[in-house]
Amino acid sequence: MNAFLCKLDFNRKHPLYLQLYSFLVQEIKSGNLKVDERLPSKKAVCAHLGISQSTVETAYDMLSAEGYIRSIPRSGYYVCQLERLEPSEPSLSPPTALIKAPEPPYRFYFSTSAVDIKAFPYASWAKLHKEVMYQNPELLQRGDAQGDDCLRESLCKFLREYRGVHCNPDQIVVGAGMEYLLDLVLQLLDQDAVFALENPGYDTTYHIIRNNGRSVVDIPLDRDGMSITHLAQSGATVAYVTPSHQFPMGITMPIGRRTQLLKWANESPNRYIIEDDYDSEFRFNIRPIPAMQGLSLHSKVIYVGTFSRSIAPSIRVAYLVLPPALLQRYLEKFTFSSSTVSRFEQYTLCRFLERGLFSRHLNRVGNLYKQRKDHVIKQLEKAFGNQIAIQGDNAGLHFLIQIKNGMEESELVRRALEQGVKINGISRYFRGDVKQCPSSTLVLGYAGLCQQELSDAVCLLKKAWN
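Scoring rules and cut-offs
- Residues numbered from 1 in each chain as written.
- Predicted model: local features only at pLDDT ≥ 70, side-chain atom pairs only at ≥ 80, totals over all residues.
- Heavy atoms only, no water.
- Helix = DSSP H or I, 4+ residues; strand = E, 2+ residues; numbered from the N terminus.
- Pairing = 2+ DSSP bridges.
- Contact = heavy atoms within 4.5 Å.
- Axes fitted to C-alpha atoms, helices over the stretch in contact; angles between N-to-C directions.
- Expected span 1.5 Å × (residues − 1).
- Buried < 20%, exposed > 50% of the residue type's maximum accessible area, 1.4 Å probe, protein only.
- Arc of directions from axis to C-beta.
- Phe/Tyr/Trp six-rings, centres within 6.5 Å; stacked < 30°, edge-to-face > 60°.

## Remarks on unusual backbone geometry
Thought 1: A cis geometry characterises the amide bond from N199 onward to P200, with omega recorded as 10 degrees.
Thought 2: As for its position among the elements, P200 is in the loop between β5 (194-199) and α7 (203-211).
Thought 3: A cis geometry characterises the amide bond from F247 onward to P248, with omega recorded as 10 degrees.
Thought 4: In this fold, P248 is placed in the loop between β8 (238-241) and α9 (255-266).
Thought 5: A positive phi angle, near 70 degrees, is found at D36, a position not held by glycine.
Thought 6: With respect to the element layout, D36 can be found in the loop between α1 (16-30) and α2 (42-49).
Thought 7: Residues other than glycine seldom take positive phi values, yet R316 does so here, at roughly 55 degrees.
Thought 8: With respect to the element layout, R316 can be found in the loop between β10 (301-306) and β11 (318-321).

## So, the sheet that holds strand β13 (residues 398-403)
Thought 1: Here we have 4 strands laid out as an open sheet, ordered β12-β13-β16-β15, and antiparallel in their pairing. The two strands at the open ends of the sheet, each matched to only one other strand, are β12 (388-391) and β15 (424-425).
Thought 2: Relative to strand β16 (residues 441-445), β15 runs antiparallel, the two being bridged by 2 bridges. Opposite N424, over in β16, you have V443 as the bridge partner.
Thought 3: Most of the contacts of helix α13 (residues 357-384) go to β13, to which it runs at about 5 degrees, and overall it touches β12, β13 and β16.

## A word on helix α3 (residues 53-65)
The α-helix advances 3.6 residues per turn, and as a result positions three or four apart in sequence lie on the same side.
Thought 1: With 13 residues, α3 ought to run about 18 Å at 1.5 Å a step, and its terminal C-alpha atoms sit 18 Å apart, in line with that.
Thought 2: Among the residues of α3, T55, V56, A59, Y60 and L63 are the ones counted as buried. Buried residues of α3 fall within an arc of 125 degrees about the axis and therefore sit on the same side.
Thought 3: Residues of α3 that are buried in the fold lie against α1, α2, β1 (69-72) and β2 (76-79).

## Notes on the pairing of β12
Put simply, side chains in a regular strand alternate between the two faces of the sheet.
Thought 1: The pairing of β12 with β13 spans 4 bridges and is antiparallel. In the sheet register, I388 faces β13, and the bridge partner there is I403.
Thought 2: Count of turn residues in the β12/β13 antiparallel hairpin: 6 residues, of which G392 carries a positive phi of about 75 degrees.

## Let's talk about the sheet that holds β11
Thought 1: Spatially, the 8 strands line up as an open sheet ordered β4-β11-β10-β9-β8-β5-β6-β7, and their pairing is mixed. Pairing within the sheet leaves two strands with one partner each, and these edge strands are β4 (172-175) and β7 (225-226).
Thought 2: Of the strand pairs in this sheet, β5 and strand β6 (residues 215-222) are connected by 6 bridges, and their pairing is parallel. Note that in β6 the partner of V194 across the bridge is S215.
Thought 3: Contacts from helix α5 (residues 149-163) reach β4, β10 and β11, with the element oriented near 110 degrees to β4.

## Brief notes about the packing of aromatic side chains
Thought 1: Under the counting rule described, the total for this entry stands at 18 aromatic pairs.
Thought 2: Judged by centre distance (4.9 Å) and plane angle (75 degrees), the rings of Y60 and Y77 are edge-to-face. Of the two residues, Y60 is situated in helix α3 and Y77 in strand β2; the sequence distance between them amounts to 17 residues. Like Y60, the residue Y77 is buried in the burial classification.
Thought 3: Ring centres of Y303 and Y319 lie 6.5 Å apart, and the angle between their planes is 25 degrees; on these two criteria the pair is classed as stacked. One end of the pair, Y303, is in strand β10; the other, Y319, is in strand β11, with 16 residues separating them in the sequence.

Right, here's the structure in full:
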């Protein structure tokens, strides 16, 4: 009975069988109970520890089920062979990459990704979501990998009417966010594809492509967007562009440059354009230009859109329109899975589109954001006069502001933060030689701040920069 010098605490909340089980596990792991060593009988343990036979049986059954011991009929219980796991050296400090310097506090952030949460259509969205929950219990089952038919049909109609996209519902794939869908597109394109990215550009796109082990070439911009001359010389086979409102420069690509890009794609069978229709919903003082996808006669455009800006980032509903050739690859590789977007969310959005609520919501928030844009520009001009230049304010929810007071970008950012205002410099989005980026230029997003907050933030910038 030496192996069972176990002291049970009858006053503890933990059941006795768990105390006995834990003790024996530790004895086996430590080697005090050797491999193939016979354990005392249940009756002997009961007598030795003063506990019931059911308590011992429960502990032995747990040990047997988990593989610590085995039962041999008419012989007893024996210890099983376990691999010894050597303890690793404790880490004295977390990896350097996980340590982030604390960010200075700020009152206002001119974020390019924020939206006005007060403008969210709470009442109508909640009503539709409740309808869907109570009227469609079958949505608890798995849905189509591409997204449910009803949403893809509604998206098809919406894209045709508002963006001039030519497609059928079978070409649409719904997914939880642009990042997920871009990762999916990478798996549909050739492994040796070379991706041309706008420089400056959205850094998340760059990191996703690089993290997938793909080749990337940076293409500079001219006044019309991605440079065709540099693209033709780059050896790229896939061009990723944001023609509606280039991020961060704010360029709206004219129809001439769009047709040049399409001609480039048509020159080789393995070339494609990924059209990220970023900020296409918000147009100020200019007419919307149809999506490139609708201009393509040879199905060379992969169209990508999202509701993160027009409704809310947390909705996590984005979509692809795949050319027929890539759709076939998708059907061969991905139809075994389920959609990454909740079916209840899909049906809610579907009704939001079908009942005209999204169009009304777009008109309302479009007017709201235009008022904010005009207000903050007026406040900036009042505070700085001819010391500033504004660029890219005809569309989207951000614009560029160049400060002509002799300060470098880094100093402008630092002094603004000292006054409690966070604002990003344009160099953050450049890859390579940042000397090529515009001097003393900042990226100002305004959608997440109300007019009073915008006024207060500009007052603080005036203190910082004058």
